[in-house]
Every structure is written in structure tokens, then in C-alpha cells.
Amino acid sequence: MSTDAIVILKDDHKDVRALFREFEKSTTTKARKGTIVKKVIELLTVHTYIENEVMYPEVRRLLPDLEDDVLESYEEHHVADVLVMELANLKPGDERFEAKTTVLIENVRHHMDEEEQDWFPKVRQGLGRNQLQDLGAQLLEAKRKAPRSPAQPSALKKAVDAVVS
């Protein structure tokens, strides 16, 4: 497994995109959609945590020209965090479950596309291979201790920090 930070984050994106596609299949049952959304919530909680705690602060420090990109990403994560927290309290049969999930999917896809097409190339160009490997090792370590649920204290702190900071 690569420890290149960008490869790790793109792998996370690939997993989330696959779940999004499965959710959107018209043949997927409500029960299966509920299971998919639980997994999406877990993956996004972990992913936004490691980006907010490791990737964004380090890129901000090492590549100050990307400050605006990092700040925009924090805000996009905040929107996703709010939707994830709300979805965590809904059941697949609830009136707003499908609509809220669709809005989450649209927002997260936009964020991932922007990162992959615009931000990651800038980061790769600005950081050397060794820095990306070191950053990747930090991401993997953070992933091991990351919250899996938006209700966990470290996830709540991340959401509050995004609003207050």
C-alpha cells in the first residue's frame, strides 16, 4: 500500500464514490440504502477528520499560496459534516432521508472533483515525493485513531472547530 498522501486520499474518494453509485441505483432497497448511508457516514467522518487534522494544516504550513484552497475545503467539509450529523439521526423511511443523502452526494462529489482536478495537482507540484510519503504516513496514523461516527467527541470537536476557527 502506498503511503503517498494523495494516493491515500484518492483511494478514500474511490470507496465513497462506489457507495454513492450504489445508493443511486434505482433497484437498491430502502434497507440497503440505510446500510450504505451508515457506511458513507463512517467513511466521510474518518476522511474529513484526517484531512482536517493532518493534510490541510500541513499543506497550509508548507504551501502558503494554497491558503484559499484550504479554507474553502474546510468550509466544504463543514457543510458535509452538518449533513452527515443530520443523516445519522434519520432512518431510510424518513421523508428527508433520500433528499438529504442526495444533497450530501452532490456536495461531496463536487469537493472530491475539485480536490482531484485542481488541488491535488498543486499539492503534488509543491511538495516533494518524500514530503508526500511522510504526510501519507501521518494520514494513516490519524486514520487509526479517527472517529467513526459524527457523534464521537473528536468528530464533534472537528465540526465546532470548522465553525469557530
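Undergrad: Run through the environment of Arg60, naming residues and quoting values.
TA: Considering the arrangement of structural elements, one finds Arg60 in helix α2 (residues 30-62). Judged by its relative accessible area of 32%, Arg60 is partly exposed. Sequence separation between Arg60 and Leu71 is 11 residues; the distance between their C-alpha atoms is 9.0 Å. Beyond its immediate chain neighbours, meaning those up to four positions away, Arg60 contacts Glu67, Val70, Leu71 and Tyr74. Only 2.7 Å separates the side chain of Arg60 from the side chain of Glu67, close enough to count as a polar contact.

Undergrad: Pulling in residues and values, what's your account of the side chain of His47?
TA: With respect to the secondary-structure elements, His47 resides in helix α2. On the accessibility criterion, His47 (5% relative accessible area) is buried.

Undergrad: With reference to specific residues and values, describe α2.
TA: With 33 residues, α2 ought to run about 48 Å at 1.5 Å a step, and its terminal C-alpha atoms sit 45 Å apart, in line with that. Along its length, α2 reaches its greatest deviation from straightness, about 40 degrees, at Glu51.

Undergrad: An account of the nonpolar core is requested, with residue identities and associated values reported.
TA: Within the largest apolar cluster, 23 residues are counted, with the highest numbers of intra-cluster contacts made by Ile50, Met55, Val59, Trp119, Val123, Leu135 and Leu139. Element by element, the count of residues in this core is highest for α2, at seven residues. Apart from residues lying up to four places away in sequence, Leu139 is in contact with Ala5, Leu9, Ile50, Val54 and Met55. In terms of nonpolar packing, the next biggest core, distinct from the first, is built from 18 residues, Val40, Leu83, Val84 and Ile105 among them.

Undergrad: Outline the packing of aromatic side chains, supporting the account with residue identities and numerical values.
TA: Using the criterion set out here, one finds four aromatic pairs in the structure. A ring pair is formed by Phe23 and Phe97, whose centres lie 6.3 Å apart and whose planes are at 55 degrees; its orientation type is tilted. Of this pair, Phe23 sits in helix α1 (residues 5-24) while Phe97 sits in helix α4 (residues 97-126), placing them 74 residues apart in sequence. Seen in terms of ring centroids, Tyr56 and Trp119 are 5.4 Å apart; in terms of plane orientation they differ by 85 degrees. Their pairing is edge-to-face. With Tyr56 in helix α2 and Trp119 in helix α4, this pair connects stretches of sequence that are 63 residues apart. In this structure Trp119 comes out as buried when scored by relative accessible area, which is 3%. Here the aromatic residues Tyr56, Tyr74, Trp119 and Phe120 are joined through ring pairs into a cluster of three or more. Above the plane of the ring of Phe23 lies Lys33, whose end atom (NZ or CZ) is 4.7 Å from the centre.

The rules we used
Residues numbered from 1 in each chain as written. Predicted model: local features only at pLDDT ≥ 70, side-chain atom pairs only at ≥ 80, totals over all residues. Heavy atoms only, no water. Helix = DSSP H or I, 4+ residues; strand = E, 2+ residues; numbered from the N terminus. Buried < 20%, exposed > 50% of the residue type's maximum accessible area, 1.4 Å probe, protein only. Contact = heavy atoms within 4.5 Å. Polar contact = N/O pair within 3.5 Å; in protein donor to acceptor, adjacent residues only side chain to side chain. Expected span 1.5 Å × (residues − 1). Bend = angle between axes of the 7 residues up to and from the residue. Core = buried A, V, L, I, M, F, W, Y, C linked by side-chain atoms within 4.5 Å. Phe/Tyr/Trp six-rings, centres within 6.5 Å; stacked < 30°, edge-to-face > 60°. Lys NZ or Arg CZ within 6 Å of the ring centre and 35° of its normal.

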